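# Topology and contacts: notes
Residue-level listing of the chains:
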Amino acid sequence: MFFEKYDPLKKEMFSVLDKDGKVINKEEEPDIDNDTLLHMYKTMVLARVADIKALQYQRQGRMLTFAPVQGQEAAQIGPMAASDKKDWLVPAFREAAAMLYKGATLKQNYLYWFGNERGSHFDEGVNILPVNVPIGSQINHAAGIAYASKILKKGEVVFTYIGDGGTSHGEFHEGVNFGGVYDLPMITIIQNNQYAISTPRAQATKADTLAQKAIAYGIPGILVDGNDVLAMYRVSQEALKRARAGEGPTLIEAFTYRLGPHTTSDDPSIYRKDEEVEEWKQKDPVDRFRKYLTNKKLWNKDKEEALQKELKKVVADTFKEVEKTGQYELDEVYDYNYETMPKDLKKQKEDYLNYLKESEGE
Amino acid sequence: MATMTLLGAINHTLEQQMEKDETVVVYGEDAGFEGGVFRVTAGLQKKFGKDRVFDTPIAEAAILGSGVGMAINGLRPVAELQFSGFMFPGYNQIATHIARMRNRSRGKYSLPMVIRMPYGGGVRALEHHSESLETLFAHIPGLKLVIPSTPYDAKGLLTAAIKDNDPVVYFEPKKIYRAFKQEVPEEEYEVEIGKARVVKEGSDVTVVSWGAMMRETLKAVESLKDEDISIEVIDLRTIAPMDSETVVESVKKTGRFLVAHEAVKTLGIGAELISRVNEGAFFHLEAQPVRVTSPDITVPLPKGEHHFMIDAKRIAHEIKKLANFE
């Protein structure tokens, strides 16, 4: 059995690629068609370019605080590429790459961080929940979606993400446990990026791995090289197989690193050393996958240059559009709190409109 | 027509809605096999099976958080919290998600879910089993909060709550779960959420209450029947969104206002009602509005509870004082 081969108590880590993109685990190299491989890579690069540009916009005062994804693209693209359209993504707040692959548009992503809830209204048939800020609470949402999928026999599997810091939270325990009790089709991915803002992983739990927490819930848990997109894809395939067969949830610890700050308000140089960041840059998930594709003759320098140029333009155009169309309509503030607006709230809205009229020119 | 207790009416309504709508699921701690510690859900698992009526781990955040997911993915969850005093581990879900999901997804995800919980004191219970926490729900935009005081309303409000596409918190006054019976129609009907009920018309004093204290209020009014006071009694029924209109119109007529509630005084629902009376009927007032409430203290253990709970005698005393104020 796949999961039994990698014991989280022995810190055995599943991987397919080495840091130079060479296949070191031929047996587990997933069979992915070329179009999908290229789509995976392009989405990783899109997420990366969007991130870098957003950081510039933020420094220019054009974008608000946001949570950069750099360094964690593989942990997000692998599982999403392995999933079906009907499967769900229940993100925490640093899953821009996963959301983009799953069908959120870049415009929606930017809109949300630009400060507009419209960015969380995904298109019809795109099964993503909005960015989830209160740590850990999303795991229970995932459990509920999975419960509905199970008893309504929808065949959907739910992916949910959490960070290493989030595993200390009570809701992580309640949600993963709930999934185990009812054998729910639910895959929880812990992106262990080594820090909860400034607090290092070792302060989150005394446990050697986060994957081993699965043992207490009676479900498989596996430690995976989170910067290896093929390993993340392959492990998700196995977890999906279990879920679709009604065998229940799986816990995956993606061992990765946040190359950027926690959010744009954070200064990581206070709590981590340059050498450590440099060391992780050598394991950059995008570089590794590009080397793999290059070895497979699917990619080259010219294609890379063309892609970079194209995506920079897409990103710049999208952001300009968001700046132009991302302002609020007054009605939006009031109209979505209830299906039918209560009388009282109608009155409060009227009062505000009257105030605006009365105070014109003041 | 059958006669039912308030508890019986809730059980009957759950059964009726589960029969009519296959997406309704009922769950909570001991809510499945045993039928809940008060037996409100008794018999439902046997009839509808373990997928639709189920026991959960003791995990209020999971109970409510999973409800969010279920509601998003095609179910109409009716979650039971065993006592309102134990809702705090789940309050994160209520305040940060349940109340907000429609708004924060700009209408993509609505949450048709009901959160049931017994509340209130006067049953000589253990610590944390007697709180009245209306304010903690009514203060959160996006939530509705209803509290029946009769078997008839228990059914009508629960039916409306289950059919509502927004989340509704449904408080059950456990002190009167089995206190009395009333005729309840067999067929489905709704009591409109957001609409108070004028229980008794009068012209001298307006008295507003709800839940278990409605019972005490009616006893108080009954005890004053030989006094020359015409009392208008209003059962608020829905705490949020609040039916100010019915209350304000009544005070315009009577000029005197009293609210009786079991929750502690400061920032209680009584305070909000008085604000609305002041905004809407200020120039009709003939006396200062009166709040008859529990004091701002932790609910005492049973031996001291009678000093905490308000009752018919106290309400009657204050109504008389208010009616005679010149």
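Residues numbered from 1 in each chain as written. Chains lettered and ligands numbered in written order. Predicted model: local features only at pLDDT ≥ 70, side-chain atom pairs only at ≥ 80, totals over all residues. Heavy atoms only, no water.

### Quick notes on the overall build of chain A
Helix and strand counts for chain A stand at 13 helices and 8 strands. Residue burial in chain A is summarised as follows: out of 362 residues, 59% are buried. Of the contacts formed within chain A by residues at least 6 apart in sequence, a portion of 74% connects residues at least 24 apart. Carbon and sulfur atoms provide 50% of the accessible area of chain A, an area that totals close to 15,800 Å². A distance of 3 Å separates the average location of the 49 positive side-chain charges in chain A from that of its 57 negative side-chain charges. (Helix = DSSP H or I, 4+ residues; strand = E, 2+ residues; numbered from the N terminus. Buried < 20%, exposed > 50% of the residue type's maximum accessible area, 1.4 Å probe, protein only. Contact = heavy atoms within 4.5 Å. Areas by Shrake-Rupley, 256 points an atom, 1.4 Å probe, with all protein chains shown as cover. Lys, Arg positive; Asp, Glu negative; His and termini not counted. Charge placed at Lys NZ, Arg CZ, Asp CG, Glu CD.)

### Some details on the environment of A:Asn34
Here A:Asn34 lies in helix H1 (residues 34-59). As for A:Asn34 and A:Leu184, which are separated by 150 residues in sequence, their C-alpha atoms are 32 Å apart.

### Remarks on the domain arrangement of chain B
All names here are of chain B. Here chain B is partitioned into domain 1 (2-184) and domain 2 (197-324). Once you take the C-alpha centre of each, domain 1 and domain 2 turn out to be 26 Å apart. Between domain 1 and domain 2, the residue contacts involve 29 residues of the former and 23 residues of the latter. Taken as a group, Glu134, Ile147 and Ser149 account for 20% of the area that domain 1 buries against domain 2, more than any other trio of residues on that side. At the junction of domain 1 and domain 2, the tally comes to 2 salt bridges. The closest approach of N and O atoms between Arg237 and Asp153, which form a salt bridge, is 3.2 Å. (Domains from an automatic or database assignment. Buried area = accessible area lost by both parts, 1.4 Å probe. Salt bridge = Lys/Arg side-chain N within 4 Å of Asp/Glu carboxyl O.)

### Description of the interface of chain B and chain A
The interface is formed by 44 residues belonging to chain B together with 47 residues belonging to chain A. Across the interface of chain B and chain A, roughly 3,700 Å² is buried in total on both sides, 55% from carbon and sulfur atoms. When the area that chain B buries against chain A is broken down by residue, the three leading residues are B:Asn73, B:Arg104 and B:Arg106, summing to 22%. Counting across the interface, chain B meets chain A through 4 salt bridges.

### Concerning the nonpolar core
By size, the foremost hydrophobic cluster in this structure holds 78 residues, and its most contacted members are B:Phe137, B:Trp210, B:Leu236 and B:Leu273. Considering every element that reaches this core, the biggest residue donor is helix H5 (residues 137-151) of chain A, with 8 residues. Filtering out sequence-adjacent residues up to four positions away, B:Leu236 remains in contact with B:Lys195, B:Ala196, B:Val208, B:Ser209, B:Trp210, B:Met242, B:Val247, B:Ile269 and B:Leu273. By size, the runner-up hydrophobic cluster in this structure holds 77 residues, among which are A:Ile32, A:Leu37, A:Met44 and A:Val126. (Core = buried A, V, L, I, M, F, W, Y, C linked by side-chain atoms within 4.5 Å.)

### So, helix H3 (residues 60-72) of chain B
Residue and element names in this part refer to chain B. Between the first and last C-alpha of H3 there are 19 Å, a value that for 13 residues agrees with the 18 Å anticipated at 1.5 Å per step. Counting buried positions over the 13 residues of H3 gives 13, a clear majority of the element. Downstream of H3 by one or two residues, Gly74 has phi in the positive range, about 100°. (Expected span 1.5 Å × (residues − 1).)

### Concerning the environment of A:Lys153
Looking at the element boundaries, A:Lys153 is found in the loop between H5 and strand S3 (158-163). C-alpha of A:Lys153 to C-alpha of A:Leu345: the two residues are 192 residues apart in sequence and 39 Å apart in space.

### Re the sheet that holds strand S12 (residues 238-240) of chain B
Residue and element names in this part refer to chain B. Strand order in this open sheet of 7 strands is S3-S2-S4-S5-S7-S6-S12, and the pairing throughout is mixed. A strand with exactly one partner marks an edge of an open sheet, and here the two such strands are strand S3 (53-55) and S12. Between one strand and the next, the sheet's axes are offset by a mean angle of 20°, whatever the strand orientation. Two strands pair when backbone bridges link them, and strand S5 (residues 114-119) and strand S7 (residues 168-173) are joined in this way by 6 bridges, in the parallel orientation. (Pairing = 2+ DSSP bridges. Axes fitted to C-alpha atoms, helices over the stretch in contact; angles between N-to-C directions.)

### Regarding the packing of aromatic side chains
Summed over the entire model, instances satisfying the criterion amount to 32 aromatic pairs over all chains. Ring geometry for A:Tyr195 and A:Tyr271: centres 5.4 Å apart, planes at 50°, overall tilted. A residue pair is termed long-range when its members are at least 10 positions apart, and A:Tyr195 in strand S5 (residues 195-196) and A:Tyr271 in the loop between strand S8 (250-255) and helix H9 (274-281) qualify at 76 residues. A connected cluster of aromatic rings, assembled from ring pairs, spans A:Tyr147, A:Phe178, A:Tyr182, B:Tyr27 and B:Phe54. If you follow A:Lys283 out to its NZ or CZ, it ends over the ring of A:Trp280, 3.9 Å from the centre. (Phe/Tyr/Trp six-rings, centres within 6.5 Å; stacked < 30°, edge-to-face > 60°. Lys NZ or Arg CZ within 6 Å of the ring centre and 35° of its normal.)

### Examining the pattern of salt bridges
Scanning all chains against the criterion turns up 47 salt bridges over all chains. A salt bridge links A:Asp351 to A:Lys347; the shortest N-O distance between them is 3.1 Å. In this pair, A:Asp351 and A:Lys347 both sit in helix H13 (residues 343-358), 4 residues apart, roughly one turn of the helix. For B:Arg256, the salt bridge goes to B:Glu286, with nearest N and O atoms at 3.2 Å. Taken as a pair, B:Arg256 in the loop between helix H9 (244-254) and strand S13 (257-264) and B:Glu286 in the loop between helix H10 (269-281) and strand S14 (290-294) lie far apart in primary sequence, 30 residues in all. Via salt bridges that share partners, A:Lys5, A:Glu28, A:Arg234, A:Glu238 and A:Lys241 belong to a single interconnected network.

### Focus on the domain arrangement of chain A
What the domain assignment lists for chain A is domain 1 (3-327) and domain 2 (329-362). The C-alpha-based centres of domain 1 of chain A and domain 2 of chain A are spaced at 39 Å.

### Re the pairing of strand S7 (residues 221-225) of chain A
Residue and element names in this part refer to chain A. Summarising burial for S7: 5 of the 5 residues are buried, a large majority. Pairing between strand S1 (residues 13-14) and S7: 2 bridges, direction parallel. Pairing of Phe14 across the sheet is with Val224, part of S7. Here 5 bridges tie S7 to S8, and the two strands are oriented parallel to one another. Bridge pairing in S8 places Gly221 opposite Leu251.

### What to know about helix H6 (residues 170-181) of chain A
Residue and element names in this part refer to chain A. Over its 12 residues, H6 extends 16 Å from the first C-alpha to the last, a length consistent with the 16 Å expected when each residue adds 1.5 Å. When we look at burial in H6, the residues that qualify are Glu171, Phe172, Glu174, Gly175, Val176, Phe178, Gly179 and Gly180. A positive phi of about 50° marks Asp183, the residue just after H6.

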